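Okay, here's what each chain looks like letter by letter:
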Amino acid sequence: MKKNFKLTVEEVLSRKHFQNAKVVAGKKGLRGYVSWVHIMEVTEIGHLLNGNELVLSTGVGWREKQSSLSFLKQLIDRNAAGLCVEVGLYISEFPVHMIELADKHNFPLIVFEKPVRYIDITQDINTLFMETQYKMLLNLESVSNQLNHLLLSTDGFKRILRLLHQYLNVQVAYNPVEGDLEFYPPINKAKEQRLLHLVHSAEPYSVINSASRSASKPIKALGHKFADLIIISEQDLTEFDSLVLDRAATALSQDQLRLLYVEEKRKYQENHWVLKWMNGEHSLQDIEDHLLAVDPNLKPNGCTVCICEINFEQEEPDLTYYSMIFRTIFEQHGYFSLVSYDRNHLMFSLVNKRKKEDWKRRLIQALDQIGQTDLLKKQAASKTSFGIGKLFSLDKLHVSFDMAKETLQVQKKTKAFKKYFYDDLYVYRLISHLNRQNHLQEYVEDYLGPIIEFDQRKNSQMLETLKVFLEVSGSKKDAADRLYIVRQTLYHRIEKLKELLGDDFMESEKRIAIELAVYAYTYLYGQKEEVIQIP
């Protein structure tokens, strides 16, 4: 069923305008393909050709042996299909040195022994090219429709491979990223060994004119490569072969995406079980049995929780699609994930499959990759936040879940806080605890009350001055630079701070308490310029 939509030099010579043409050299090259017919009289032509052109010339520029050899050599170097010359007008016959060079490179030299109109030749052959291209597009449309139809079947994968094999009359190989190489149709071991080197050397088929007998296209879905689709032919592959291979690879990618989506929908049904796990309602044995049933090859090395909160400005889309992309990326970085949904939250139970020492580094890489996806770059979301707990044993996932929630809460409260991990909350862990005990407001009032009251009465910036002064560890120069004020103004503010907080406000123990109060104020009210009045 294989169709060849390229014309050979031999086929062109069968046209009516070549009835009086004679091949004088390079007969072994007559099966070479012709992409276009081109009239050319200039002698410097290397940059004017793309390859596989059949060149028509009168030989008007071949006054010397060197110029004719140079002209022919340029045609050969640019992979032209052949050279046709009308004898009698400017040359009586092809020079011997041209015939010898053409025979050496199997480059067809053709002479017209009677006058012929080149304009008629180019019109005839180039029209034939366009008709051939149109037929190729029709056939490509036909195979595309067949592939789309196969996608609706229950066994679309094998049927697509069968169609590719039958339509192009090629050996098909499917080489998954994870799994064993498969040949379709199946072949014996001896033939398999002969073809393996072609499989491993198959390159993405993008150069139409390359004389290659093997080509590959990647099977991708959600930015992740799942396999290579490879074809191996007993003859040189054509542009049509490449286009059909590309359509088949696209169909298999769509089939892979469908399988991923179906699988994701199934996992969505596990939402209830995962929520119970996150809430500590499963025993260790129940957890291990469930994970074994889901993936018999899974060897857990700790687990953690990652919560993703997506705040949409417009109507909320299907979170299943987000989950598919995130899970794929987590998998690439060594995490098996089970997901639970809650309104605009995706809650991932991440089971670590690799060593514990670099679990945080791998998660950071995964989140960075998620942030670079087109989905998060283009979606109409005002903010996407992540909170991650600590790594625990399987039966302690609920502890990590609470930590992830607390991390997100701190990010919401402080607004400027951008840490993903509970381990990185530092002082905010203590502040969050104080807030749960309802002591945080009182603590802030005890240590910052005089400053907040003063700023409110005077519309001043003493709290901001204190915050910056503490951040630069008491450096007057750095504080003045950060506040964009002169040193003398800073000195006046420091004296006022001493008056409000005491001369010892920068001494170790008191300073720590005041710094904690500043962080607590940020936690309670966020990063705001205006002063918040404490009742």
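Residues numbered from 1 in each chain as written. Predicted model: local features only at pLDDT ≥ 70, side-chain atom pairs only at ≥ 80, totals over all residues. Heavy atoms only, no water.

Caption draft 1: Region of interest: the sheet that holds strand β2 (residues 21-25). A sheet is described by the order of its strands in space; here five strands give the open sequence β2-β7-β6-β5-β4, paired in mixed fashion. Unpaired on one side and paired on the other, β2 and β4 (36-39) mark the two borders of the sheet. Each strand axis lies, on average, 25 degrees off the axis of its neighbour in the sheet, ignoring direction. Together, β5 (53-57), β6 (82-86) and β7 (109-112) form the strand contacts of helix α2 (residues 65-77), whose direction differs from that of β5 by roughly 160 degrees. Against the sheet, helix α3 (residues 96-104) engages β2, β6 and β7, with an angle of about 80 degrees to β2. (Pairing = 2+ DSSP bridges. Helix = DSSP H or I, 4+ residues; strand = E, 2+ residues; numbered from the N terminus. Axes fitted to C-alpha atoms, helices over the stretch in contact; angles between N-to-C directions. Contact = heavy atoms within 4.5 Å.)

Caption draft 2: How the structure looks around the packing of helix α4 (residues 118-150) against helix α5 (residues 156-168). As a packed pair, α4 and α5 sit with axes 9 Å apart at the nearest point and diverge in direction by 160 degrees. The orientation of α4 with respect to α5, classified from their angle, is roughly antiparallel. Crossing of α4 against α5: the hand is right-handed. Within the contact between the two elements, α4 uses Asn139, Val143, Gln146, Leu147 and Leu150 and α5 uses Gly156, Arg159, Ile160, Leu163 and Tyr167. Looking at side-chain class alone, the contact of α4 with α5 contains six nonpolar, three polar and one charged residues. (Parallel < 35°, antiparallel > 145°, perpendicular 65-115°, else oblique. Left-handed = near helix turned anticlockwise from the far one by under 90°. Nonpolar A, V, L, I, M, F, W, Y, C, P; charged D, E, K, R; others polar.)

Caption draft 3: Inspection of unusual backbone geometry at higher detail. Residue proline 185 follows tyrosine 184 across a cis peptide bond; omega there is -5 degrees. Tracing the backbone shows proline 185 in the loop between β9 (182-184) and α6 (189-201). Positive phi values are uncommon outside glycine, yet asparagine 79 reaches one of about 60 degrees. Following the sequence through the fold, asparagine 79 ends up in the loop between α2 and β6. Phi is positive for tyrosine 426, close to 50 degrees, though the residue is something other than glycine. Within the secondary structure, tyrosine 426 is located in the loop between α13 (397-414) and α14 (427-436). Its relative accessible area of 56% is what places tyrosine 426 among the exposed residues. (Buried < 20%, exposed > 50% of the residue type's maximum accessible area, 1.4 Å probe, protein only.)

Caption draft 4: Layout of helix α8 (residues 271-278). Every buried residue of α8 is accounted for by Asn271, Trp273, Val274, Trp277 and Met278. End-on, the buried residues of α8 take up no more than an arc of 165 degrees, which puts them together on one face. Once α8 ends, the next one or two residues include glycine 280, with phi positive near 75 degrees. (Arc of directions from axis to C-beta.)

Caption draft 5: Molecular detail of the nonpolar core. With 40 residues, the main nonpolar core has Leu448, Ile451 and Leu466 as its most contacted residues. Within the residue set of this core, elements represented by two or more residues are α13, α14, α15 (440-458), α16 (462-471), α17 (476-483), α18 (487-501) and α19 (508-525). Here this core gets nine residues from one element, more than from any other, and that element is α19. Those residues in contact with leucine 466 that lie beyond four places of it in its chain are Leu448, Ile451, Leu497, Leu501, Phe505, Ile514 and Val518. Core analysis: the second largest hydrophobic core is formed by 28 residues, Met136, Tyr167, Val170 and Ala251 among them. (Core = buried A, V, L, I, M, F, W, Y, C linked by side-chain atoms within 4.5 Å.)

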